[in-house]
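Descriptive analysis of the structure
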Amino acid sequence: GAPTTASKDPPGMQNVGLLKRAQEAHAAGRLAVAIPLYEQVLRAEPRSFVANYYLGIALYQAGQPARSIAPLRAAAEARPTAIHFETMRALTARIS
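Residues numbered from 1 in each chain as written. Predicted model: local features only at pLDDT ≥ 70, side-chain atom pairs only at ≥ 80, totals over all residues. Heavy atoms only, no water.

Once that is clear, we can look at the side chain of His-26. Topologically, His-26 is positioned in helix α1 (residues 13–27). Of the residues examined, His-26 reaches a relative accessible area of 12% and is grouped as buried. Excluding residues that lie within four positions of it along the chain, His-26 makes contacts with Leu-31, Ala-34, Tyr-38, Tyr-54, Ile-57, Ala-58 and Gln-61. (Helix = DSSP H or I, 4+ residues; strand = E, 2+ residues; numbered from the N terminus. Buried < 20%, exposed > 50% of the residue type's maximum accessible area, 1.4 Å probe, protein only. Contact = heavy atoms within 4.5 Å.)

Two elements in contact, helix α2 (residues 31–44) and helix α3 (residues 49–61), have axes whose closest approach is 9 Å; the angle formed by their N-to-C orientations is 150 degrees. When the interaxial angle is binned, α2 and α3 end up roughly antiparallel. Like other packed secondary-structure pairs, α2 and α3 cross with a definite hand, here left-handed. Facing α2, whose interface residues are Leu-31, Ile-35, Tyr-38, Glu-39, Val-41 and Leu-42, α3 presents Ala-51, Asn-52, Tyr-54, Leu-55, Ala-58, Leu-59 and Gln-61. Here the contact of α2 with α3 is built from residues that sort into 10 nonpolar, two polar and one charged. (Axes fitted to C-alpha atoms, helices over the stretch in contact; angles between N-to-C directions. Parallel < 35°, antiparallel > 145°, perpendicular 65-115°, else oblique. Left-handed = near helix turned anticlockwise from the far one by under 90°. Nonpolar A, V, L, I, M, F, W, Y, C, P; charged D, E, K, R; others polar.)

With 14 residues, α2 extends 20 Å between its outermost C-alpha atoms, agreeing within 8% with the 20 Å of an ideal straight helix rising 1.5 Å per residue. Regarding α2, the residues found buried are Leu-31, Ala-34, Ile-35, Leu-37, Tyr-38, Val-41 and Leu-42. (Expected span 1.5 Å × (residues − 1).)

Printed below as a string of structure tokens:
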């Protein structure tokens, strides 16, 4: 069967690089660049907490709240205890 714990190895250098580029574009406000990069990572790693979470946030910031629901839900399923902290942190950063 499938392993029950996450591998300690990185998911693959290509995906690590894509995720880094996505996060850099996102941080710079280039959502039109970040969103397809997050989606590309998720095609290879559909359960990635980081890619799902930040894709959901990027979609929300891009004015696509309906599209943000599925990746945020996937992030919550992947790491239920982390999603609340991360969401509150992101929302408070947007408000302040």
